[in-house]
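Summary of the model geometry
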Amino acid sequence: MFVKLFSDGACSGNGKEGNCPGGYGTILQAFNNGQIVAEREYSQGYVNTTNNRMELLGVIKGLESLTKPCDIEIISDSKYVIDAFNQKWIDSWIKNGWKNSKKDPVKNRDLWERLLELIKPHNVKFTWVKGHNDHEENERCDKLAVNAYSGENLIIDEGFTH
């Protein structure tokens, strides 16, 4: 089985430092013989978070919904997520004790570690797409994310620290 996982995160005011509502939107498409055989959408809004945490949580929640190992293409407009793997940043972070190139602690380590565990049983490819550029699934994910944090059922991002 081949799966495409599209994901996007959003925060009110882009939320780089947090203290704003945010959400993620994820679409999973399962393929058999090149044809979509199943599609699911996931989204959730959070009271206080950051845009980068939402980008990560979208991918995590999609992966958590899978029940068996498969080939997955993770497609996102988040350079933060995609480059961490394609540019091997994550390998350096781990090698350096979860410190970045400036010797500062890597932000969102809780989510990075969770994501690393989730990709282990799968064969994963990370693909970047330009955001807000008429990519159908990326636009749908963005809409899901914005609607999630604009709604009434916001939850607490337990790992978020100010």
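Residues numbered from 1 in each chain as written. Predicted model: local features only at pLDDT ≥ 70, side-chain atom pairs only at ≥ 80, totals over all residues. Heavy atoms only, no water.

Considering the overall build of the chain
Operational definition: Secondary structure elements are taken from DSSP: a helix is a run of H or I of four residues or more, a strand is a run of E of two residues or more, and numbering for both begins at the N terminus. Atoms counted for the radius of gyration: C-alpha only. Globule rule: 2.2 Å times the number of residues to the power 0.38. Per-residue accessibility, obtained with a 1.4 Å probe over protein chains only, is compared with the maximum for each type, and a residue is labelled buried under 20%, exposed over 50%, and partly exposed between these values. Note on contacts: a residue pair qualifies if any of its non-hydrogen atoms lie within 4.5 Å across the two residues. Per-residue and other accessible areas were derived by the Shrake-Rupley procedure at a 1.4 Å probe size, with only the shown protein chains allowed to occlude residues. We count Lys and Arg on the positive side and Asp and Glu on the negative side, and we leave His and both chain ends out. Note on charges: their place is set at NZ of Lys, CZ of Arg, CG of Asp or CD of Glu.
The secondary structure content of the chain amounts to five helices and five strands. Helices (α) and strands (β) of the chain occur, in sequence order from the N terminus, as β-β-β-α-β-α-α-α-β-α. Taking 2.2 N^0.38 as the reference for a compact globule, 162 residues should give roughly 15 Å; the C-alpha atoms of the chain span a radius of gyration of 15 Å, in line with that estimate. Dimensions along the principal axes, computed over C-alpha positions, put the chain at roughly 45 × 40 × 30 Å. Out of the 162 residues in the chain, the part that is buried amounts to 46%. Considering only contacts in the chain between residues 6 or more positions apart, those separated by 24 or more positions represent 70%. Summed over all atoms, the accessible surface of the chain reaches about 8,900 Å², with 46% contributed by carbon and sulfur. When the 20 positive and 23 negative side-chain charges of the chain are each reduced to one mean point, those points stand 7 Å apart.

Thoughts on the side chain of Asn108
Defined as follows: What qualifies as a polar contact is a pair of N or O atoms within 3.5 Å, subject to a donor-acceptor requirement within protein and to the restriction that residues adjacent in sequence count only when both atoms come from side chains.
Positionally, Asn108 belongs in the loop between α3 (89–95) and α4 (109–119). Since its relative accessible area comes to 14%, Asn108 is described here as buried. Here Tyr80 takes part through its side chain, which lies 2.8 Å from a polar atom of the side chain of Asn108.

Some points on the pattern of salt bridges
Put simply, the test is: We define a salt bridge as a side-chain nitrogen of Lys or Arg found within 4 Å of a carboxyl oxygen belonging to Asp or Glu.
Applying the stated criterion across every chain yields a total of nine salt bridges. One salt bridge in this structure joins Arg53 and Asp110, with 3.0 Å as the shortest N-O distance. Placement of Arg53 in helix α1 (residues 51–64) and of Asp110 in helix α4 is noted, with a sequence separation of 57 residues between them. Connected through salt bridges with shared partners, the residues Glu39, Glu41 and Arg140 form a single ionic network.

Digging into the pairing of strand β2 (residues 20–32)
Applicable threshold: Paired strands, as defined in this entry, are two strands with at least two bridges between them according to DSSP.
Among the 13 residues in β2, 11 count as buried, and that is most of the element. Here strand β1 (residues 2–11) pairs with β2 via 10 bridges, running antiparallel. Paired with Gly9 across the strands is Tyr24, a residue of β2. Taken together, β2 and the strand that follows it, strand β3 (residues 35–49), pair antiparallel across an intervening segment of two residues, in which Asn33 is found at a positive phi of about 55°.

Quick notes on the environment of Asn51
Take Asn51: it is sitting in helix α1. Owing to a relative accessible area of 9%, Asn51 belongs among the buried residues under this scheme. Note: C-alpha distance between Asn51 and Ile82 (31 residues apart in sequence) is 14 Å.

Comments concerning the sheet that holds β3
To summarise the sheet geometry, strands pair through backbone hydrogen bonds and adopt either a parallel or an antiparallel arrangement. Filter applied, for reference: Axis definition: a line fitted to C-alpha atoms, over the contacting stretch in the case of helices. Angles run 0 to 180 degrees between N-to-C directions.
Strand order in the open sheet formed by five strands is β3-β2-β1-β4-β5, and the pairing between neighbours is mixed. Every other strand in the sheet has two partners, leaving β3 and β5 (123–128) as the edge strands with one partner each. Across the sheet, the mean angle from the axis of one strand to that of its neighbour is 15°, orientation sign disregarded. Of the pairings in the sheet, the one linking β2 to β3 comprises 12 bridges and is antiparallel in character. Of the residues in β3, the one forming a bridge with Gly23 is Gly45. Across the sheet, helix α2 (residues 79–86) touches β4 (71–76) and β5, and the angle it forms with β5 is around 130°. Sheet strands in contact with helix α5 (residues 136–150) are β1, β2 and β3, and its direction is about 140° off that of β2.

Quick notes on the packing of α1 against α4
Note the following rule: Any angle between 65 and 115 degrees counts as roughly perpendicular, while under 35 counts as roughly parallel, over 145 as roughly antiparallel, and the rest as oblique. Less than a right angle of anticlockwise turn of the near helix away from the far helix marks a crossing as left-handed, whereas a clockwise turn marks it as right-handed. When residue character is reported, Ala, Val, Leu, Ile, Met, Phe, Trp, Tyr, Cys and Pro are called nonpolar, Asp, Glu, Lys and Arg charged, and the others, Gly included, polar.
Two numbers describe how α1 lies on α4: the axes approach to 10 Å, and their chain directions differ by 25°. Of the possible angle classes, the one that applies to α1 and α4 is roughly parallel. Between α1 and α4 lies a crossing of left-handed hand. Facing α1, whose interface residues are Arg53, Leu56, Leu57, Val59, Ile60, Lys61, Leu63 and Glu64, α4 presents Asp110, Leu111, Trp112, Arg114, Leu115, Leu118 and Ile119. A per-class count over the contact of α1 with α4 returns 10 nonpolar, no polar and five charged.

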